[in-house]
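Overview (structure and organization)
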Amino acid sequence: MTNEEIIKTSLHNQERAHDLLQSIGMMNIFEDEGVDAHIVGSLRMGLLFNHLDIDLHVYSDAVTVKDSFKVMSRIAENESVVKMECRNLLYTEEACMEWHAWVRDELGDIWQIDMIHIVKGSRYDGFFERMADRIKEALTDETRLAILRLKSETPADVHIMGVEYYQAVLRDGVRTWADFKDWRKLHDATDGIMEWMP
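So, here is what we can say about the structure in this document.

**Things to note about the layout of surface pockets**
Put simply, the largest pocket is a space of about 1,400 Å³. If you go around the largest pocket, you meet 40 residues; those closest to its centre are D53, D55, D114, M161 and M194. Contributing elements (two or more residues each) for the lining of the largest pocket: α3 (41-45), β2 (53-60), β3 (81-89), β4 (96-104), β5 (110-119), α5 (127-138) and α7 (162-171). Class assignment of the residues belonging to the lining of the largest pocket gives a composition of 21 nonpolar, 10 polar and 9 charged. When its volume is computed, the second largest pocket comes out at roughly 210 Å³. Lining the second largest pocket, in full, are H12, E15, R16, D19, L20, S23, S80, R104, D105, E106 and L107. Sorting elements by how many residues they give to the lining of the second largest pocket places helix α1 (residues 3-24) first, with 6 residues. Its residues assigned to classes, the lining of the second largest pocket comprises 2 nonpolar, 3 polar and 6 charged.

**Topic: the nonpolar core**
Membership of the largest hydrophobic core comes to 31 residues, with the highest contact counts inside it found for M26, F30, I54, L56, I75, I113 and M115. Among the elements of the structure, α1, α2 (26-32), β1 (36-40), β2, α4 (65-76), β4 and β5 are those that each provide at least two residues to this core. Beyond its immediate chain neighbours, meaning those up to four positions away, I75 contacts I24, M26, I29, F30, V81 and M115. In terms of nonpolar packing, the next biggest core, distinct from the first, is built from 29 residues, I6, F49, L150 and Y166 among them.

**Quick look at the environment of E106**
By secondary structure assignment, the location of E106 is in the loop between β4 and β5. What makes E106 exposed here is its relative accessible area of 80%.

**Some points on the packing of α1 against helix α6 (residues 141-153)**
A pair of packed helices is characterised by two quantities: the angle between their axes and the separation of those axes. Running from N to C, α1 and α6 point in directions that differ by 85°, and their axes come no closer than 10 Å. Judged on the interaxial angle alone, α6 and α1 are roughly perpendicular. Facing N3, I6, I7 and S10 of α1, the residues of α6 in contact are L145, L148, R149 and S152. Considering only residue class, the contact of α1 with α6 consists of 4 nonpolar, 3 polar and 1 charged.

**With respect to the sheet that holds β1**
Strands sit in the order β1-β2-β5-β4-β3 across an open sheet of 5 strands; the sheet is mixed. With one partner strand each, in any of the chains shown, β1 and β3 form the two edges of the open sheet. Across the sheet, the mean angle separating the axes of adjacent strands is 20° when strand polarity is ignored.

The rules behind the values
Residues numbered from 1 in each chain as written. Predicted model: local features only at pLDDT ≥ 70, side-chain atom pairs only at ≥ 80, totals over all residues. Heavy atoms only, no water. 1 Å grid on protein atoms, 1.4 Å probe; cavity = no way out; pocket = protein on both sides within 12 Å on 5 of 7 lines; lining within 4 Å. Points joined across faces, edges and corners; volume = space filled by probe spheres on them. Helix = DSSP H or I, 4+ residues; strand = E, 2+ residues; numbered from the N terminus. Nonpolar A, V, L, I, M, F, W, Y, C, P; charged D, E, K, R; others polar. Core = buried A, V, L, I, M, F, W, Y, C linked by side-chain atoms within 4.5 Å. Buried < 20%, exposed > 50% of the residue type's maximum accessible area, 1.4 Å probe, protein only. Contact = heavy atoms within 4.5 Å. Axes fitted to C-alpha atoms, helices over the stretch in contact; angles between N-to-C directions. Parallel < 35°, antiparallel > 145°, perpendicular 65-115°, else oblique. Pairing = 2+ DSSP bridges.

This is how it looks when you write it as structure tokens:
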């Protein structure tokens with residue numbers, strides 16, 4: 001893909017992501033239920049490319065299984081939601097209910113929407129918002145394009161966390177797919193990389 005095509009694809013899919021959230025009325029549902037919702041991840045940073053994934057962190061003063069199910073059941077009622085899953089992590093340091101929804105958009109594509117329902121004041125309250133904003137502030141036109149190009153060159157069957165791209169490009173100067181593959185061999189994605197920020 002040309003640089004122009006990469007940027008155009010990214011901007012188009014970001015627009016589609018926002019349109020999908022609006023069509024479900026997701027942010028309005030959270031507001032109605034007294035839940036404070038924030039977009040995080042690649043959509044917040046302007047780095048969404050072709051992996052159709054939206055990350056939301058949503059907060060309540062107290063999170064119970066019952067209350068979390070009540071909120072998410074309103075989202076599940078939308079006919080575009082084809083599947084939902086959850087994990088109860090309230091009794092871990094993450095202090096959250098982890099929800100995943102698979103949603104069909106108007107073009108027939110399936111998006112994964114990750115909604116992490118977090119107890120306010122717990123360890124990760126606001127952490128990934130700060131991470132996203134720090135990465136966004138650190139981006140230049142050149143590094144944004146480098147990250148999007150690496151995403152465009154990633155095989156569809158290879159799973160790579162977004163923060164791996166950002167750390168490799170912004171901290172370590174990686175620019176090519178070959179160098180990125182070598183970089184990943186030297187960096188264990190489970191060894192603290194999730195909490196990296198510039």
